[in-house]
Amino acid sequence: MRETRRRIVRDILLQLPFMIWLVLLWLLLWHQFTPLAVVTGILVAIFVTRVFRLPTVELVGRVNLWHSLVFIVRFLAAVVMGAVSVTIQVFDLRRQPGAAIVEVPLRYADDIVTTHVAVTASLIPGSLVVESDRDRRILYLHVIGVHNRDEVDAFRAEVLCWERRIVRAVGTPEQYAALKRDLASERSTSNPSTSNSSKGGVR
């Protein structure tokens, strides 16, 4: 009996962050932050997690407060800039806004990080996730405002930047270590003269 209670409490604590996230998504969806919206969001979250119940996901418990704050600030700024950009494109009658389906292969994502990246990209106006390939860790996004390959590549790079920000904020230690290795490798590749001089100085 005691073991059953512990299992129930543990399950609730593990699912609590996802419940809170679903409530926040509900509030953002309806653009309302009233007590009634919070109550209905809680009811919807309970319904979704009970009816469409998935296996419990173990959280790593790693949260970097500084990088989380940076992520939130950058996300809010991106939402505002995205809304302004979409508004300009809608009222620009001189040309049609370009659109494309962009494939974004993620580098460090597990199920949780993939979900965070997908939700982040979908909440920023101008892009929407249309499909997620879980096995290959690929997101497919419908994007407006792109007219050539360079703009598509720039959008793909921006999504990968969001992935790195999320890994810095809440990624596993293994993901964070892999990210730091890749960043160090990129810096050494982009500065070959520094690398060569340091090698030449060692005898």
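Quick note: structure is the one above.
Here is what the cut-offs are and how they apply
- Residues numbered from 1 in each chain as written.
- Predicted model: local features only at pLDDT ≥ 70, side-chain atom pairs only at ≥ 80, totals over all residues.
- Heavy atoms only, no water.
- Pairing = 2+ DSSP bridges.
- Helix = DSSP H or I, 4+ residues; strand = E, 2+ residues; numbered from the N terminus.
- Axes fitted to C-alpha atoms, helices over the stretch in contact; angles between N-to-C directions.
- Contact = heavy atoms within 4.5 Å.
- Expected span 1.5 Å × (residues − 1).
- Buried < 20%, exposed > 50% of the residue type's maximum accessible area, 1.4 Å probe, protein only.
- Polar contact = N/O pair within 3.5 Å; in protein donor to acceptor, adjacent residues only side chain to side chain.
- Salt bridge = Lys/Arg side-chain N within 4 Å of Asp/Glu carboxyl O.
- Core = buried A, V, L, I, M, F, W, Y, C linked by side-chain atoms within 4.5 Å.
- Phe/Tyr/Trp six-rings, centres within 6.5 Å; stacked < 30°, edge-to-face > 60°.
- Lys NZ or Arg CZ within 6 Å of the ring centre and 35° of its normal.

(A) Molecular detail of the sheet that holds strand β2 (residues 127–133). Read from one edge to the other, the open sheet built from 3 strands follows the order β1-β3-β2, with strand pairing classed as antiparallel. Edge strands, defined here as strands with exactly one partner in the open sheet, are β1 (99–105) and β2. Taking the axes of each pair of neighbouring strands and ignoring which way they run, one obtains an average angle of 25° across the sheet. For β2 and strand β3 (residues 138–144), the ladder comprises 6 bridges, and the chain directions are antiparallel. Counterpart to Leu 128 in the pairing with β3 is His 142. The strands touched by helix α4 (residues 111–123) are β2 and β3; relative to β2, the strand with the most contacts, the crossing angle is about 155°.

(B) A look at helix α3 (residues 65–91). The terminal C-alpha atoms of α3, which comprises 27 residues, lie 39 Å apart, in line with the 39 Å expected from a rise of 1.5 Å per residue. Burial in α3 covers these residues: Ser 68, Phe 71, Phe 75, Ala 78, Gly 82 and Gln 89. Against α4, β3 and α5 (149–170) lie the buried residues of α3. If you check the start of α3, you find a side-chain oxygen 3.1 Å away from the backbone N of Trp 66, and it comes from Asn 64.

(C) The pairing of β3, seen in detail. Burial analysis of β3 places 5 of its 7 residues in the buried class, which makes it a mostly covered element. Both β1 and β3 contribute to a ladder of 7 bridges, which runs antiparallel. Note on β3: the bridge partner recorded for Ala 100 is Val 143. Counting the residues between successive antiparallel strands, the hairpin from β2 to β3 contains 4 residues, one of them, Arg 137, with a positive phi of roughly 55°.

(D) Spatial organisation of the environment of Ala 45. Relative to the assigned elements, Ala 45 resides in helix α2 (residues 35–51). Taking C-alpha positions, Ala 45 is 9.9 Å from Leu 24, a pair spaced 21 residues apart along the chain. The residues contacting Ala 45, other than those within four sequence positions of it, are Met 19, Leu 22 and Val 23.

(E) Geometry of the pattern of salt bridges. The tally for this structure, following the rule as stated, stands at 4 salt bridges. Asp 111 is paired through a salt bridge with Arg 134; the nearest N and O atoms lie 2.6 Å apart. With Asp 111 in helix α4 and Arg 134 in the loop between β2 and β3, this pair connects stretches of sequence that are 23 residues apart. Under the relative-accessibility criterion, Asp 111 is labelled partly exposed at 40%.

(F) Layout of the nonpolar core. If you look at the biggest cluster of nonpolar residues, it comprises 27 residues, and the most contacted ones within it are Val 104, Leu 106, Val 117 and Leu 141. Elements supplying a minimum of two residues to this core: α3, β1, α4, β3, α5 and α6 (173–190). It is α5 that contributes the most residues to this core, 7 residues altogether. The residues contacting Val 117, other than those within four sequence positions of it, are Leu 106, Leu 139, Val 159, Glu 163 and Ile 166. Listed in part, the 5 residues of the second largest apolar core include Met 19, Val 23, Ala 37 and Ala 45.

(G) A look at the packing of aromatic side chains. Per the counting criterion, the structure on display carries 3 aromatic pairs. Measuring from centroid to centroid gives 6.1 Å for Phe 71 and Phe 75, while their planes differ by 10°, and the two rings are stacked. With Phe 71 and Phe 75 both in helix α3 and 4 residues apart, the pair spans about one turn of that helix. Across the pair, exposure class does not vary: Phe 71 and Phe 75 are buried alike. Note on Phe 75 and Trp 162: the rings are 6.5 Å apart at their centroids and 80° apart in plane angle, and the pair reads as edge-to-face. Taken as a pair, Phe 75 in helix α3 and Trp 162 in helix α5 lie far apart in primary sequence, 87 residues in all. Accessibility classification places Phe 75 together with Trp 162 in one group, the buried group. Aromatic rings pair up to connect Phe 71, Phe 75 and Trp 162 into one cluster. Just above the ring of Trp 162 sits the side chain of Arg 165; from NZ or CZ to the centre is 4.5 Å.

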